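Inside the fold
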Amino acid sequence: MTPERELRVEIARNIIDECEVLFSAQAWKFYQRSGRGYLYLHKVVNIQHSGGNDFSITESPSAIGSKVHYVAQTSEPWKMMTLSQAAKEQSIEYTQLFNVIDTYKPKEEYVVIVGFNYGSDASEYWFLRRPELPPMKAYTAVRHRPQEFGVDSL
């Protein structure tokens, strides 16, 4: 794994760790509304590696915004994703993802994909999360006390 790729995975994990309860709550909300799927967050980062431990990281706004999106199995974005060039080029990784989407336990787990950049520099990393506060309980907590979690409502 390249140093840049390692940094992207670390950035993705840090974002998920910071927002675990909110992501968990959103996963349950959207699962109830739309069925199985995954959360999707897009970041635009430029990582310059000048050797050793010297990195420069800059972030730009994403064209799809900074909101977390949900992609349900029955949606148009899901169909587009299954037919994408990435799905063809990384068939093993996408087969694993599709299997996880089919088998995860929504009351206890959720799936999140963090996508980076666009075009030839694009990459996505998916994670199956089993949070301390399960999705159903996280939803209840955030719905009843949204300000405690830094949001106005869920």
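Every value quoted in this text rests on a predicted model; they were computed, and no experiment measured them.

Cut-offs used in this document
- Residues numbered from 1 in each chain as written.
- Predicted model: local features only at pLDDT ≥ 70, side-chain atom pairs only at ≥ 80, totals over all residues.
- Heavy atoms only, no water.
- Core = buried A, V, L, I, M, F, W, Y, C linked by side-chain atoms within 4.5 Å.
- Buried < 20%, exposed > 50% of the residue type's maximum accessible area, 1.4 Å probe, protein only.
- Helix = DSSP H or I, 4+ residues; strand = E, 2+ residues; numbered from the N terminus.
- Contact = heavy atoms within 4.5 Å.
- Pairing = 2+ DSSP bridges.
- Axes fitted to C-alpha atoms, helices over the stretch in contact; angles between N-to-C directions.
- Parallel < 35°, antiparallel > 145°, perpendicular 65-115°, else oblique.
- Expected span 1.5 Å × (residues − 1).
- Arc of directions from axis to C-beta.
- Salt bridge = Lys/Arg side-chain N within 4 Å of Asp/Glu carboxyl O.
- pLDDT = per-residue confidence, 0-100.
- Phe/Tyr/Trp six-rings, centres within 6.5 Å; stacked < 30°, edge-to-face > 60°.
- Lys NZ or Arg CZ within 6 Å of the ring centre and 35° of its normal.

Counting 35 residues, the largest nonpolar core has Phe 23, Tyr 38 and Leu 39 as the members making the most contacts within it. Put simply, the parts of the chain that give this core at least two residues each are helix 1 (3-18), helix 2 (20-34), strand 1 (37-49), strand 3 (69-72), helix 3 (76-82), helix 5 (91-103), strand 4 (110-116) and strand 5 (123-129). Sequence-distant contacts of Tyr 38, defined by excluding residues within four places in its chain, comprise His 69, Tyr 70, Val 71, Trp 78, Met 81, Ile 101, Val 111 and Ile 113.

Moving on to the pairing of strand 2 (residues 55-60). The pairing of strand 1 with strand 2 spans 6 bridges and is antiparallel. When the bridges of strand 2 are listed, Val 44 appears paired with Ser 60. Where strand 1 folds back onto strand 2 in an antiparallel hairpin, the turn is made up of 5 residues, including Gly 51, whose phi is positive at roughly 100°.

When a strand is regular, its side chains alternate between the sheet's two faces. Residues Ser 123, Tyr 125, Phe 127 and Arg 129 line the buried face of strand 5, whereas the alternating positions Glu 124, Trp 126 and Leu 128 sit on a face that is not buried. Relative to strand 5, strand 4 runs antiparallel, the two being bridged by 7 bridges. Note on strand 5: the bridge partner recorded for Ile 113 is Trp 126.

All right, on to the packing of helix 2 against helix 6 (residues 135-144) then. Following both chains from N to C, one finds helix 2 and helix 6 inclined at 105°, their axes separated by 7 Å at the closest point. It follows that helix 2 is roughly perpendicular to helix 6 by the angle criterion. For the pair helix 2 and helix 6, the contacting residues are Val 21, Leu 22, Ser 24, Ala 25, Trp 28 and Lys 29 in the first and Pro 135, Met 136, Ala 138, Tyr 139 and Val 142 in the second.

What follows deals with helix 2. Every α-helical turn comprises 3.6 residues, leaving residues that sit three or four positions apart pointing alike. With 15 residues, helix 2 should reach 21 Å at 1.5 Å per residue; the first-to-last C-alpha distance of 20 Å fits that figure. In this fold, the buried residues of helix 2 make contact with helix 1, strand 1, strand 3, strand 4, strand 5 and helix 6. One or two positions beyond helix 2, positive phi appears at Gly 35, with a value near 90°.

Among all positions in helix 6, only Pro 135, Ala 138, Ala 141 and Val 142 are buried. Across the axial projection of helix 6, the buried residues extend over an arc of 125°, all falling on one side. Helix 6 presents Lys 137 and His 144 as exposed residues on the side facing more than 90 degrees away from its buried surface. For helix 6, the elements touching its buried residues are helix 2 and strand 4.

Moving on, we come to the pattern of salt bridges. Opposite charge on two side chains permits them to pair, given that their charged atoms come into close proximity. Under the defined criterion, the tally for this structure stands at 5 salt bridges. Put simply, Glu 109 and Arg 130 hold a salt bridge, and the shortest N to O gap is 3.3 Å. In this pair, Glu 109 is assigned in the loop between helix 5 and strand 4 and Arg 130 in the loop between strand 5 and helix 6, connecting sequence segments 21 residues apart. On the basis of relative accessible area, Arg 130 is assigned to the exposed category, the value being 55%. Its salt-bridge partner being Glu 148, residue Arg 145 comes within 2.8 Å of it at the nearest N-O pair. Taken together, the shared-partner salt bridges connect Asp 17, Glu 20 and Arg 129 into one network.

Our next topic: the confidence of the model for the protein. With 98% of its residues at a pLDDT of at least 70, the protein reaches an overall mean of 88. Averaged over each element, pLDDT in the protein is lowest for strand 2 (76) and highest for helix 2 (96).

On to the packing of aromatic side chains. Both the distance between ring centres and the angle between the ring planes are used here to describe each pair of aromatic rings. The full count for this structure, using the stated rule, is 6 aromatic pairs. On the basis of an interplanar angle of 35° and a centroid distance of 5.6 Å, the ring pair of Trp 28 and Tyr 31 is categorised as tilted. With Trp 28 and Tyr 31 both in helix 2, this residue pair falls 3 residues apart, about one helical turn. In this structure Tyr 31 comes out as partly exposed when scored by relative accessible area, which is 24%. Pairing Trp 78 with Phe 98 gives two aromatic rings, centres 5.6 Å apart and planes at 55°, and the pair type is tilted. Separated by 20 residues along the polypeptide, Trp 78 in helix 3 and Phe 98 in helix 5 bring together distant segments of the chain. The exposure class assigned to Trp 78 is buried, which follows from its relative accessible area of 10%. Each residue in the set Tyr 38, Trp 78, Tyr 94 and Phe 98 is aromatic and connected to the rest through ring pairs, giving one cluster. Across the ring face of Tyr 104, the terminal group of Arg 36 is positioned such that the distance to the ring centre comes to 4.8 Å.

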